[in-house]
Amino acid sequence: MDVSIKRTITIGTKKKSRTRKAKVADPVFKRKPTAGGKHLVVVESPAKAKTIEKILGSNYKVLASMGHLRDLPASSLGVDIENQFKPEYVNSKDKADVIHALQKEANKCSDVMLATDPDREGEAISWHLSKLLDVNPEDNVRIAFHEITPPAIKEAIKHPGPVDMHRVDAQQARRVLDRLVGYKLSPWLWRQLYKGLSAGRVQSVAVRIICEREQEIRAFVPEEYWFVNAKFKTLKGEVFSAQYLDDKGKQARLANKEEADAALALIQGKEAEVVSVTKRKQQRRARAPYTTSTMQQDAVNRLGFSSKKTMMLAQMLYEGIELAGHGHVGLITYMRTDSTRISQEMIKQVLPYIESVYGREYVPETPNIYHKAKDAQDAHEAIRPTSLAFSPDVVASSLSRDQLKLYTLIWNRFIASQMAPQILQNTTAVLSCGDARLRASGSHVVFDGFTTVMKAASRKKAEGETEKYLPPLEKGETVFPISSEGEQHFTTPPPRFTEASLIKTLEEKGIGRPSTYAAILDAIQRRKYVEKDGKQFIPTEIGFKVTELLKKYFGRIVDIGFTADMEQWLDKIAEGDATYLQVLTDFYGIFSKELEKADAHAEEERKNNEEVSDQVCEKCGSPMIIKFGRFGKYLACSNYPACHNTKSLNVNNQPEEKSDKPCEKCGALMVYKNGPYGRYLHCPECGTNKSIVIDTGITCPKCGKGHLVKRKSRRGRYFYGCSTYPACDMALWNEPVDKFCPVCGHIMVKRVYKNGTEKVFCSNQECTEYPRRKTKKASE
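Note that this is a predicted model, so its numbers are computed, not measured.

The rules behind each value
Residues numbered from 1 in each chain as written. Predicted model: local features only at pLDDT ≥ 70, side-chain atom pairs only at ≥ 80, totals over all residues. Heavy atoms only, no water. Helix = DSSP H or I, 4+ residues; strand = E, 2+ residues; numbered from the N terminus. Buried < 20%, exposed > 50% of the residue type's maximum accessible area, 1.4 Å probe, protein only. Contact = heavy atoms within 4.5 Å. Areas by Shrake-Rupley, 256 points an atom, 1.4 Å probe, with all protein chains shown as cover. Phe/Tyr/Trp six-rings, centres within 6.5 Å; stacked < 30°, edge-to-face > 60°. Lys NZ or Arg CZ within 6 Å of the ring centre and 35° of its normal. Axes fitted to C-alpha atoms, helices over the stretch in contact; angles between N-to-C directions. Left-handed = near helix turned anticlockwise from the far one by under 90°. Nonpolar A, V, L, I, M, F, W, Y, C, P; charged D, E, K, R; others polar. UniProt positions renumbered as here; feature names shortened; annotations may be inferred. Polar contact = N/O pair within 3.5 Å; in protein donor to acceptor, adjacent residues only side chain to side chain. Pairing = 2+ DSSP bridges. Salt bridge = Lys/Arg side-chain N within 4 Å of Asp/Glu carboxyl O. Expected span 1.5 Å × (residues − 1). pLDDT = per-residue confidence, 0-100. Parallel < 35°, antiparallel > 145°, perpendicular 65-115°, else oblique.

As for the overall build of the protein
Phase 1: Within the protein, the regular secondary structure consists of 19 helices and 34 strands.
Phase 2: Scored against the burial criterion, the 780 residues of the protein give a buried share of 47%.
Phase 3: Taking the intrachain contacts of the protein between residues at least 6 apart in sequence as the baseline, contacts between residues at least 24 apart amount to 62%.
Phase 4: As displayed, the protein has an accessible area near 41,200 Å², and 49% of this comes from carbon and sulfur atoms.

Written as structure tokens, this is what we have:
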């Protein structure tokens, strides 16, 4: 039934009436299966559906859910705190057509199988699908596989099981925890600073880690130290270096130049005697095959890919690529895993492959087995190729450049992980020079082992391999001095976090899960809490301010240890060792007390944060205060709300931030300024203003020559256009993502809504993947 409510709105002396629809519960679908119909299999993505349907054959219909179809409402908390934290799910408005299509097909088919991703998120999607498609989740309707290959799919379809409600509860607990923190904390931050800020249970802890590292760097005081080195030669004229040792036989770390000069006086110009020579062989095992975390770290360090881009490319490789002569093929196993385990079937295949390609000596005596990391769920295998028939050389012509780079990285890491170790010969010689002792060392590769799969040019960088020459030395041999010197050094502060090192730290501390790292890193940058300087994260002023407030009033919620403990409790829910209600009740007991305390001090804190400037309002004469805004600090009248005057902080000859960009009109160096639409470039000589162009790094899909860059229109609205303009007129209003529509092939774009949710969709308005607003009926 269509329920309408009429409202009358008074504006000045005029009255307008409008009709809006009251919220109506989503209709309950009752499935009417068709006897003798096909079997409906529901997966998450169209690419995966296409591949699986070819594998299963004509008796199966495979459709995609396009991710989650139900979620908590965007406009309200959506959690009934008084009723055992019951989530109040609603159908996603933008997925109405997908839901209708699935329900229509469910009636045509004889049964429904749920084949979403084999993790907690996928399990939850299957549970939601069971509600939408009128399927009993306790029946054998759930199938799972970790690779999209004919054997894996056909084996999974033979052994369906019920939906794992423990894993569903774990996913729901994470979603509800994040919703409680986000919806309760964010409005409190708005009252302290400005509207639009957000707090997150895990994202705020990540920002805290970055901020605390920055504070360490700023507080760091370098300390001086010296090393003393000497060069000698043998009777044959072979030159080598040696380091001055302390009383404990370690390289001496001297406090100042005076100590270094005293050490040099002991050895300078003096012959030395070899008092001992030690030789030993060292084995270096290959690293374990990739987990989600280690793959992201290596992709950042070796390929320069962001974690977000890495996961997007890995998703493509997992779901399948069109290979010439082979059709749509899934090239890697499931890419969200914390396990280093390899199946026995694949080990039986890879060892003969290594022998045939590299030789018998490269096959280990026993297969390499790697210990699982602490807290690893070990639900899936490590990330590896699905078939040894598809080497990087074989598939190179079918993959994009970036897909091939990542696939090669995964392939090499897996092959190397099952090969014999590298063998090094290490030699150490101790020299006596009067009362001083020195040490010379060298190493060389006896057998390259697993490192042979790495390219010679990148082997040292990739595997940390070093060779250092040391001539043959004998005990009692005399060596002759060439030179000696002291080297001054200073201690350095801890490095700033990169994506790779932050992911490693989050994993070590048990913050979040590998599958969430890309989203966390993307969120803290999108919220402007951190910025990147090259590859390094630097917290912004607003990032510091938000972290300071959260630590002051919500110390437990943003505590690193507490957040790590919550991850373990979520794991316990998934394993059936804890309950959804127990975990939510314990968490909210702590959170509600901190929230109550913060609310009591909200007004006091807001006033304490007001920084009075030395300027007065030109409209009413009141003092101006410095406030935080979406684009940084600005001046606002303290007489608000009686006076609404605001202005840029860079006024009255305050120092301008200079740039290295010359003005196109007069050639003077431009300066950075803050405006209502963000930062821009301003010429102090001729007054020319210029928007700051931000390169997305995405190749223009229209001309293939330029990059898509962020620009600002004359009316102040941002858009994305080709850097070669006017040669290419490609333009998009929404931010592009490096992904193409599986339906029509146009580039995908994303839109971030006011509530912080993000949607990725096709940029082609004629495509079915483009979101359309339904027009109201004339009668309404």
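Some thoughts on the packing of aromatic side chains
Phase 1: Applying the stated criterion to the full structure yields 16 aromatic pairs.
Phase 2: For the ring pair Tyr318 and Tyr334, a centre distance of 5.2 Å and an interplane angle of 65 degrees mean the geometry is edge-to-face. One end of the pair, Tyr318, is in helix H9 (residues 307-319); the other, Tyr334, is in the loop between strand S14 (327-329) and helix H10 (344-358), with 16 residues separating them in the sequence. For the pair Tyr318 and Tyr334, one class covers both residues: buried.
Phase 3: If you follow Arg285 out to its NZ or CZ, it ends over the ring of Tyr370, 4.8 Å from the centre.
Phase 4: Above the ring of Trp569, the side-chain terminus of Lys572 is found at 4.1 Å from the ring centroid.

Quick word on the side chain of Asp522
Phase 1: Locating Asp522 in the fold gives a position in helix H15 (residues 517-526).
Phase 2: When sequence neighbours within four positions are dropped, the list of residues in contact with Asp522 reads Lys308, Lys750 and Glu758.

Focus: the packing of helix H8 (residues 292-303) against H9
Angle between the axes and distance between the axes: these two values describe a pair of packed helices.
Phase 1: Orientation of H8 relative to H9, taken along the N-to-C sense of each, is 115 degrees, at an axis distance of 9 Å. Here the hand of the crossing between H8 and H9 comes out right-handed. Seen from H8, the contacting residues are Thr292, Met295, Gln296, Ala299 and Val300; seen from H9, they are Ser307, Thr310, Met311 and Ala314.
Phase 2: Considering only residue class, the contact of H8 with H9 consists of five nonpolar, four polar and no charged.

Digging into the UniProt feature "active site" (unreviewed entry) in the protein
Phase 1: Here, UniProt's "active site" (unreviewed entry) annotation points to Tyr334.
Phase 2: Under the relative-accessibility criterion, Tyr334 is labelled buried at 0%.
Phase 3: Excluding residues that lie within four positions of it along the chain, Tyr334 makes contacts with Asp117, Pro118, Asp119, His146, Tyr318, His380 and Ile383.
Phase 4: Only 3.5 Å separates the side chain of Tyr334 from the side chain of Asp117, close enough to count as a polar contact.

What about the pairing of strand S29 (residues 707-712)?
Phase 1: The pairing of strand S28 (residues 694-699) with S29 spans three bridges and is classified as antiparallel. Each bridged residue has a counterpart across the sheet, and for Asp695 the counterpart in S29 is Val709.
Phase 2: Sheet topology note: the S29/strand S30 (residues 718-722) ladder contains five bridges and is antiparallel. Bridge pairing in S30 links Val709 to Gly721.

Remarks on the pattern of salt bridges
Note that side chains of opposite charge can pair when their charged atoms are close.
Phase 1: In total, this model carries 30 salt bridges according to the counting rule given.
Phase 2: Here Asp117 makes a salt bridge to Lys48, at a shortest N to O gap of 2.4 Å. Pair noted here: Asp117 is in the loop between strand S9 (111-114) and helix H3 (120-132) and Lys48 is in helix H1 (residues 46-56), with a separation of 69 residues, a long-range link.
Phase 3: Arg413 serves as the salt-bridge partner of Asp298, at 3.2 Å between the closest nitrogen and oxygen.

Some words on the sheet that holds strand S15 (residues 422-433)
Phase 1: With antiparallel pairing, six strands are arranged side by side around a closed barrel as S10-S11-S16-S15-S12-S17. The average angle at which neighbouring strand axes cross in this sheet is 35 degrees, direction not considered.
Phase 2: With eleven bridges connecting them, S15 and strand S16 (residues 436-447) associate as antiparallel partners. If you follow Ala429 over to S16, its bridge partner there is Ala440.

Concerning H10
In an α-helix there are 3.6 residues to a turn, and that puts residues three or four apart on one side.
Phase 1: Between the first and last C-alpha of H10 there are 21 Å, a value that for 15 residues agrees with the 21 Å anticipated at 1.5 Å per step.
Phase 2: Every buried residue belonging to H10 is among Met346, Ile347, Val350, Leu351, Tyr353 and Ile354, and all of these are buried.
Phase 3: Those residues of H10 that are buried are in contact with helix H12 (401-417).

Digging into the confidence of the model for the protein
Phase 1: Averaged over the protein, the pLDDT score is 85; the fraction of residues at 70 or greater is 89%.
Phase 2: Segment residues 1-22 is flagged for pLDDT under 50; beyond a separation of four residues in sequence, or across chains, it makes 26 contacts in the model.
Phase 3: When the criterion is pLDDT under 50, residues 773-780 qualifies, and its contacts beyond four places in sequence or with other chains add up to four contacts.

Looking at unusual backbone geometry
Phase 1: For the peptide bond that leads from Tyr640 to Pro641, omega is 10 degrees, which places it in the cis range.
Phase 2: By secondary structure assignment, the location of Pro641 is in the loop between strand S22 (632-637) and strand S23 (646-648).
Phase 3: Unlike most non-glycine residues, Gln84 shows phi in positive territory, near 60 degrees.
Phase 4: Tracing the sequence through the fold places Gln84 in the loop between strand S6 (79-80) and strand S7 (86-87).

A word on the pairing of strand S33 (residues 747-752)
Phase 1: Sheet topology note: the strand S32 (residues 735-740)/S33 ladder contains three bridges and is antiparallel. Opposite Glu735, over in S33, you have Lys750 as the bridge partner.
Phase 2: In this structure, S33 lies alongside strand S34 (residues 758-762), joined through five bridges in antiparallel fashion. Paired with Met748 across the strands is Cys762, a residue of S34.

Thoughts on the packing of helix H6 (residues 203-219) against helix H16 (residues 541-553)
Phase 1: Where H6 contacts H16, the two axes come as close as 10 Å, and the packing angle between them is 110 degrees. Relative to H16, H6 is oriented roughly perpendicular. Taken together, the residues of H16 that come into contact with H6 (itself represented by Ser204, Val207, Arg208, Cys211, Glu212, Glu214, Gln215 and Arg218) are Gly543, Phe544, Thr547, Leu550 and Lys551.
Phase 2: Of the residues that constitute the contact of H6 with H16, the class distribution is four nonpolar, four polar and five charged.

Structural notes on the UniProt feature "site: Interaction with DNA" (unreviewed entry) in the protein
Phase 1: Sites flagged by UniProt as "site: Interaction with DNA" (unreviewed entry) map to His68, Arg174, Arg175, Asp178, Tyr183, Trp190, Arg336 and Arg527.
Phase 2: With respect to the helices and strands, the residue Arg174 is situated in helix H5 (residues 165-192).
Phase 3: Judged by relative accessible area, Arg174 falls into the buried class, the value being 15%.
Phase 4: Not counting residues within four places of it along the chain, the set of residues in contact with Arg174 comprises Arg120, Arg201, Arg513, Glu567 and Leu570.
Phase 5: When near neighbours in sequence (up to four residues on either side) are disregarded, Tyr183 contacts Pro73, Ala74, Ser75, Ser76 and Leu77.

A word on the environment of Arg142
Phase 1: Structurally, Arg142 can be placed in the loop between H3 and helix H4 (150-158).
Phase 2: Overall, the relative accessible area of 5% leaves Arg142 in the buried class.
Phase 3: When the C-alpha atoms of Arg142 and Glu123 are compared, they prove to be 8.6 Å apart, with 19 residues separating the residues in sequence.
Phase 4: Those residues in contact with Arg142 that lie beyond four places of it in its chain are Leu114, Ala115, Thr116, Asp117, Pro118, Gly122, Glu123, Ser126, Pro160, Gly161, Pro162 and Val163.
Phase 5: One polar contact links the side chain of Arg142 to the main-chain carbonyl oxygen of Leu114, over a distance of 3.5 Å.
Phase 6: Within polar-contact distance, the side chain of Arg142 engages the backbone oxygen of Thr116 at 3.0 Å.

Some remarks on H16
Phase 1: An ideal rise of 1.5 Å per residue puts 18 Å on 13 residues; H16 measures up with 19 Å between its terminal C-alpha atoms.
Phase 2: Taken as a whole, H16 has its buried residues at Ile542, Gly543, Phe544, Lys545, Val546, Thr547, Leu549, Leu550 and Tyr553.
Phase 3: Against H5, H6, strand S19 (536-539), helix H18 (580-600), helix H19 (602-608) and strand S21 (623-629) lie the buried residues of H16.

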